[in-house]
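Tertiary structure, described
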Amino acid sequence: MRARNGFGLSSPQALAEFFPRLVAWQRAHGRSGLPWQHTQDPYRVWLSEIMLQQTQVASVLQYYPRFLERFPNVQTLAAATPDEVLALWSGLGYYSRARNLHRCAQAVVAEHGGQFPASAEALATLPGIGRSTAAAIAAFCFGERVSILDGNVKRVLTRLLAFEGDLASATQEKALWQQAQRLVPADASAPDMAAYTQGLMDLGASLCARSQPQCLLCPVQPLCLAQAQGRPDEFPVKTRRLVRRAESWWLLVLVRPDGRLWLAPRPERGIWAGLQTFPVFASREELQQHTAGWGLPPEPEREHEPVRHALTHRELTLHWLEWCVPEAPASGADSLPAGLSSELRAGKGRWMTMPEALACGLPAPIRAWLLQR
Ligand code: SF4
């Protein structure tokens, strides 16, 4: 499809112009003061790229320095326990990223002598590093001439090219990857690759916004087919829309007179995998059946205000039912009513003081609830 101004990216001239325009714009107007810029250390770049997935820069700015202070290099991260990593990640969400981050660090140390591989292809074989993240690390750190294609960049490029393919289809996504790679000149220098990659990210995060893109300020506006056709809002084309399912979770909150709370690890797979939470049940009845015979009163001592929490595919309503559990000194500080002691022995939960709980990897709504308690 041709642009109305007759100057689309189908022309070799336009293809050749895209890269230098974006590089010049990034150097003049793009972001330049972020703590993960101006380094070619793959560890730092990788960490920032993983943190930035589906997370605002403002949030990452809080977590990134803390994480680096505790884990200054891939070796210290690899040597940490999963709990330490999850605790520092707590609140950033999408916890599979933290687990993969840890696994990836261990793989870099065990299989690559503590050095990140220097090509996008090899980087993409590591846990949690997808094709676009691998390309970003390779471009920033090693100057490799590979294009990134994350969510924001898909929006920029589908508009630029008026790419009509439905990105719900793997074939169309592959076609867009090919187009993205065509925009990278074979003779691009390493510094230009870093500026270009950052430029794609910056353009997608600023002028080429999801709604009301600021095309008049855009450095590639003369090349942009969607803008020329007056329809940037129609891109990207993606038919499969996210559907969030509503679900209620019932949380068993047990508190000892000394303030200790009973927390249990989530299973290794699924929502909040590996994090510490109050035991979760699908219904009030299921919770009551599970605790029958524990000597708890049938009705909770406190029933707290439900909390809504949105996940990628779920809209959770969290219900908090609280019982106070008396201590049983004769059977030891940690063993309490019947069922609880067997859960303790099975590693399904343990008592924690508030500081101990807050030092663990906790899901964001659990942490917020504890902090306002
Ligand atoms: Fe996006 Fe507009 Fe620039 Fe096209 S001209 S890339 S739609 S901001």
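Rules used throughout
Residues numbered from 1 in each chain as written. Predicted model: local features only at pLDDT ≥ 70, side-chain atom pairs only at ≥ 80, totals over all residues. Heavy atoms only, no water. Helix = DSSP H or I, 4+ residues; strand = E, 2+ residues; numbered from the N terminus. Expected span 1.5 Å × (residues − 1). Buried < 20%, exposed > 50% of the residue type's maximum accessible area, 1.4 Å probe, protein only. Contact = heavy atoms within 4.5 Å. Polar contact = N/O pair within 3.5 Å; in protein donor to acceptor, adjacent residues only side chain to side chain. pLDDT = per-residue confidence, 0-100. Core = buried A, V, L, I, M, F, W, Y, C linked by side-chain atoms within 4.5 Å. Salt bridge = Lys/Arg side-chain N within 4 Å of Asp/Glu carboxyl O. Near = heavy atom within 4 Å. 1 Å grid on protein atoms, 1.4 Å probe; cavity = no way out; pocket = protein on both sides within 12 Å on 5 of 7 lines; lining within 4 Å. Sits in = over half its atoms within 2 Å of the grid points. Nonpolar A, V, L, I, M, F, W, Y, C, P; charged D, E, K, R; others polar.

We now examine helix α8 (residues 131-142). Between its first and last C-alpha, α8 extends 16 Å over 12 residues, near the 16 Å set by a 1.5 Å rise per residue. Burial runs high along α8: 10 of the 12 residues are buried. All buried positions along α8 are accounted for by Ser-132, Thr-133, Ala-134, Ala-135, Ala-136, Ile-137, Ala-138, Ala-139, Phe-140 and Cys-141. Elements that come into contact with the buried residues of α8 comprise α2 (42-52), α7 (120-123), α10 (170-182) and α11 (190-205). Two residues or fewer past α8, Gly-143 is found with a positive phi of approximately 65°.

This part is about the side chain of Gln-229. Inspection of the secondary structure puts Gln-229 in the loop between α12 (225-228) and β1 (245-255). At 2.8 Å, the side chain of Gln-229 and the side chain of Arg-231 are in polar contact.

Across the protein chain, the average pLDDT comes to 90, with 91% of residues at 70 or higher. Here residues 1-7 scores under 50 on pLDDT; set against residues more than four positions off or in separate chains, the count is 23 contacts. Across residues 329-335 the pLDDT falls below 50, and counting only partners more than four positions away or on other chains, this stretch makes six contacts in the model.

Bringing the nonpolar core into the picture now. One finds Phe-18, Trp-46, Phe-67, Leu-157, Tyr-196 and Phe-278 to be the most contacted residues of the largest nonpolar core, which totals 103 residues. Looking at this core, the element that brings in the most residues is α8, giving eight residues. Apart from residues lying up to four places away in sequence, Tyr-196 is in contact with Phe-18, Phe-19, Leu-22, Val-23, Leu-183 and Val-184. Counting residues in hydrophobic clusters, the runner-up holds 12 residues, among them Trp-262, Leu-321, Trp-323 and Trp-351.

This brings us to the pattern of salt bridges. Per the counting criterion, the structure on display carries 15 salt bridges. Among the salt bridges present, the one from Arg-231 reaches Glu-164, with a minimum N-O distance of 2.6 Å. Taken together, the residues Arg-231 in the loop between α12 and β1 and Glu-164 in the loop between α9 (151-161) and α10 connect sequence positions 67 residues apart. Look at Arg-231 and you get buried, because its relative accessible area is 15%. The exposure class assigned to Glu-164 is partly exposed, which follows from its relative accessible area of 40%. Within the structure, one salt-bridge network assembled from shared partners comprises Glu-164, Arg-231 and Glu-234.

Once that is clear, we can look at the environment of Trp-249. Considering the arrangement of structural elements, one finds Trp-249 in strand β1. Note on Trp-249: relative accessible area 7%, which makes it buried. Sequence-wise, Trp-249 and Leu-167 are 82 residues apart; in three dimensions their C-alpha atoms are separated by 33 Å. Not counting residues within four places of it along the chain, the set of residues in contact with Trp-249 comprises Arg-266, Ile-271, Trp-272, Val-280, Phe-281, Leu-316, Thr-317, Leu-318 and His-319.

As for its position among the elements, Gln-276 is in strand β3 (residues 276-277). Sequence-distant contacts of Gln-276, defined by excluding residues within four places in its chain, comprise Asp-83, Leu-263, Ala-264, Pro-265, Met-352, Cys-360, Gly-361, Leu-362 and Pro-363.

So, about the site of the ligand. The immediate surroundings of the ligand are formed by Arg-159, Leu-207, Cys-208, Pro-213, Cys-215, Cys-218, Gln-221, Cys-224, Gln-227 and Pro-232. Cavity membership is defined here by more than half of the atoms lying within 2 Å of grid points; on that basis the ligand lies in the largest cavity. Residue composition of the shell around the ligand, by class: seven nonpolar, two polar and one charged.

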